[in-house]
Amino acid sequence: MSHVITLNAGSSSLKFGLFSLPSDDPVAICTGIVDRISAAGATIRAKTSDGRTLGGDVADGIADHHEALNHVLDLIVQQFPAANIAAVGHRIVHGGPDHDQPILLTPESLAALDELSPFAPLHQPYNLSGVRASVERFPDAVQVACFDTAFHRSHPWVNDTFALPTEYYDKGVRRYGFHGLSYEYISGHLAKTAPLLHGGRVIVAHLGNGASMCGMIHGRSVGSSMGFSAIDGLPMGTRCGQLDPGVVLYLMDQKGMSVDEITELLYRKSGLLGLSGLSSDMRTLEKSDSGSSRRAISYFNFRARRELGALAAVLGGLDAVVFTGGIGENSALVRERICVNMGWLGIELDHDANTDHARIISTPLSRVQVMVIPTNEELVIARAAARFVYPHMYETLLDKASPTAPPPADGSGPE
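Residues numbered from 1 in each chain as written. Predicted model: local features only at pLDDT ≥ 70, side-chain atom pairs only at ≥ 80, totals over all residues. Heavy atoms only, no water.

Asker: For this particular structure, what's the right way to read the overall build of the protein?
Answerer: When helices and strands are tallied, the protein shows 16 helices and 13 strands. Since a compact globule built from 415 residues should have a radius of gyration of about 22 Å, the 21 Å found for the protein is in line with a globular shape. Its C-alpha atoms give the protein principal-axis dimensions of about 55 × 55 × 50 Å. Residues counted as buried form 55% of the 415 residues belonging to the protein. Pairs at least 24 residues apart make up 65% of the contacts formed inside the protein by residues separated by at least 6 positions. By element, 53% of the accessible surface of the protein is carried by carbon and sulfur atoms, the whole surface being about 18200 Å². Charge centroids of the protein, computed over 33 positive and 44 negative side chains, lie 5 Å from each other. (Helix = DSSP H or I, 4+ residues; strand = E, 2+ residues; numbered from the N terminus. Rg over C-alpha atoms; globule rule 2.2 N^0.38 Å. Buried < 20%, exposed > 50% of the residue type's maximum accessible area, 1.4 Å probe, protein only. Contact = heavy atoms within 4.5 Å. Areas by Shrake-Rupley, 256 points an atom, 1.4 Å probe, with all protein chains shown as cover. Lys, Arg positive; Asp, Glu negative; His and termini not counted. Charge placed at Lys NZ, Arg CZ, Asp CG, Glu CD.)

Written out as structure tokens, the structure is:
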């Protein structure tokens, strides 16, 4: 029996999984997360397929993602000494304009991906550090890169460009979109469980410490709230989201701030943390009675409502909304405030179903079906890695999960 490890580094967390192969689909043996990296309250939580709970609080904290990865690999080796690691699948945030599929990682491809680090400074270095560490620990395993940007390479040109001279587009300055592994999972899940909705116009709200929204037609991305970098669009835990470029020019020209200082401000000191002055964690803010916490939540919801309406216009209508991600799956308050008074768009929320965290949280009379679907980026990564280990066995599986109908060329919605 062969096994695959999946590594999914976020801005403050590291999700991981151990999957067995072969079968009709990779089977999770153990999945978990290292949460609140770089904070005193760092934890490792994992659950096995037989119900065991592993990990716990880390007394001395976890300084960075490299240390977190070593904790994860130690746990896997100690708890599953018989595992035969045939492949390690990595979430790589940025694949640039050319990668629309997973690739095998080589020294050459790793160096090329390292050149994209300025595009995603909060993620790419950690992703690639994980690759190098796993190569050291499992030198005989296949290393596979799965790109968060790949899902959005189907964007029509008008949703992919900025109004800059076209030479910059040719040099790679374009709207890439992110969270593609999450959106790929939701698209495949809808194709199996709700094929009529999958074939229509769907907005998926991936809301977590990193947050974005994606408009899909026939399961393919035609628009995203994120753009050139993973800082654009919705406000996030510590990232500002959409910002007038003039603010950056002002900070440089009038306040004398350096590139490093502005990067620190926009990526690590803004968002929910900057607005609340308390925390980047929505769970903490919802428990707080402070006015700044309430304002931070209100701004988050306002921007999500604004993006929801904008993406509905991009799609030319709306058939379904899917909430996913840590906040999207667990915060009934956020879902309610995004959906309330959206009857003009066809959304009618079932408040009891929302409070109960039901799968469908819209009323039977709602023209737009609103759903809560937990994402599973690790399974998407495991499937991609399995394809390189057993290409003939998993080819059919991935073809069935992949959307086939193209979006309209102009991105305007169904014709």
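Asker: Hey, could you run me through unusual backbone geometry in this one?
Answerer: The bulk of non-glycine residues show a negative phi, and the bulk of peptide bonds are trans. Backbone geometry places His 179, a non-glycine residue, at a positive phi of 60°. Examined against the element boundaries, His 179 turns out to sit in the loop between helix 4 (166-170) and helix 5 (180-193). Look at His 357: it is not a glycine, yet its phi comes out positive at around 55°. Looking at the secondary structure, you find His 357 in the loop between helix 14 (351-355) and strand 13 (369-372). Residue classification places His 357 among the partly exposed positions, given a relative accessible area of 39%.

Asker: Would you mind showing me how to read the sheet that holds strand 9 (residues 201-207) here?
Answerer: Paired through backbone hydrogen bonds, the strands of a sheet run either parallel or antiparallel to each other. Taken in spatial order, the five strands of this open sheet run 11-10-9-12-13, and their pairing is mixed. The sheet is open, and its two borders are formed by strand 11 (220-224) and strand 13, each paired with just one other strand. When the angles between neighbouring strand axes are averaged without regard to direction, this sheet yields 25°. Relative to strand 12 (residues 320-324), strand 9 runs parallel, the two being bridged by five bridges. Counterpart to Val 204 in the pairing with strand 12 is Val 322. (Pairing = 2+ DSSP bridges. Axes fitted to C-alpha atoms, helices over the stretch in contact; angles between N-to-C directions.)

Asker: For this particular structure, what's the right way to read the pairing of strand 6 (residues 85-92)?
Answerer: On a regular strand, each side chain points to the face opposite its neighbour's, so the side chains alternate between the two faces of the sheet. Judged by how many residues are buried, strand 6 sits mostly within the fold: eight of eight residues are covered. In this sheet, strand 8 (residues 142-147) lies alongside strand 6 in parallel orientation, the contact comprising six bridges. What sits directly across from Arg 91, in strand 8, is Cys 146.

Asker: For this particular structure, what's the right way to read the nonpolar core?
Answerer: The tendency in soluble globular proteins is for nonpolar side chains to be buried side by side. One finds Leu 207, Leu 308, Phe 323 and Ile 347 to be the most contacted residues of the largest nonpolar core, which totals 53 residues. When residues of this core are assigned to their parent elements, the largest contribution, eight residues, is made by helix 11 (residues 291-315). Non-local contacts of Ile 347, meaning those with residues more than four positions away in its chain, are made with Leu 308, Val 321, Cys 339, Met 342, Ser 366, Val 368 and Val 370. (Core = buried A, V, L, I, M, F, W, Y, C linked by side-chain atoms within 4.5 Å.)

Asker: Just to check I follow, could you spell out the environment of Leu 349 for this structure?
Answerer: Along the polypeptide, Leu 349 turns up in the loop between helix 13 (332-339) and helix 14. Each C-alpha atom, one on Leu 349 and one on Ala 83, is 46 Å from the other, the two residues being 266 residues apart in sequence. If we ignore the near neighbours within four places in the chain, the residues touching Leu 349 are Glu 336, Cys 339, Asn 354, Ile 361, Ser 362 and Thr 363.

Asker: Sorry if this is basic, but what is going on with the packing of aromatic side chains here?
Answerer: By convention here, two paired aromatic rings are described through the distance between centres and the angle between planes. The full count for this structure, using the stated rule, is four aromatic pairs. Through pairs of rings, three or more aromatic residues link up here, namely Phe 119, Tyr 176 and Phe 228. The lysine or arginine in question, Lys 171, covers the ring of Tyr 168, its NZ or CZ lying 5.7 Å from the ring centre. One residue, Arg 174, lies across the ring of Tyr 169, its end atom 3.9 Å from the ring centre. (Phe/Tyr/Trp six-rings, centres within 6.5 Å; stacked < 30°, edge-to-face > 60°. Lys NZ or Arg CZ within 6 Å of the ring centre and 35° of its normal.)

Asker: When you look at helix 2 (residues 107-114) in this model, what are you seeing that I'm missing?
Answerer: Three- or four-residue spacings in an α-helix give side chains the same orientation, since the helix completes a turn every 3.6 residues. Among the residues of helix 2, those classed as buried are Ser 109, Leu 110 and Leu 113. The buried residues of helix 2 occupy one face: seen down the axis, they fall within an arc of 100°. In this structure, helix 2 carries Pro 107 and Glu 108 as exposed residues pointing more than 90 degrees from its buried face. Packing partners of the buried residues in helix 2 comprise strand 6, strand 7 (103-104), helix 3 (124-137) and strand 8. (Arc of directions from axis to C-beta.)

Asker: For this particular structure, what's the right way to read the packing of helix 2 against helix 3?
Answerer: How two helices pack is summed up by the angle between their axes together with the distance between the axes. Direction vectors running N to C along helix 2 and helix 3 enclose 165°, while the axes themselves pass 10 Å from each other. Between helix 2 and helix 3, the angle is such that the two are roughly antiparallel. In this structure, helix 2 meets helix 3 at a crossing whose hand is left-handed. Taken together, the residues of helix 3 that come into contact with helix 2 (itself represented by Leu 110, Leu 113 and Asp 114) are Gln 124, Leu 128, Val 131 and Arg 132. (Parallel < 35°, antiparallel > 145°, perpendicular 65-115°, else oblique. Left-handed = near helix turned anticlockwise from the far one by under 90°.)

Asker: Got a minute to help me understand the sheet that holds strand 5 (residues 53-57) in this structure?
Answerer: Sheet architecture is open: eight strands sit in the order 5-4-3-2-1-6-8-7, paired in mixed fashion. One side of each edge strand has no neighbouring strand; the edge strands of this open sheet are strand 5 and strand 7. With eight bridges joining them, strand 1 (residues 2-9) and strand 2 (residues 14-21) adopt antiparallel strand pairing. Counterpart to Ala 9 in the pairing with strand 2 is Leu 14. Across the sheet, helix 1 (residues 65-79) lies against strand 1, strand 2, strand 3 (27-35), strand 4 (43-48) and strand 5, angled at about 30° from strand 2, the strand it touches most. The sheet strands contacting helix 3 are strand 1, strand 6 and strand 8, and the helix crosses strand 6 at an angle near 170°.

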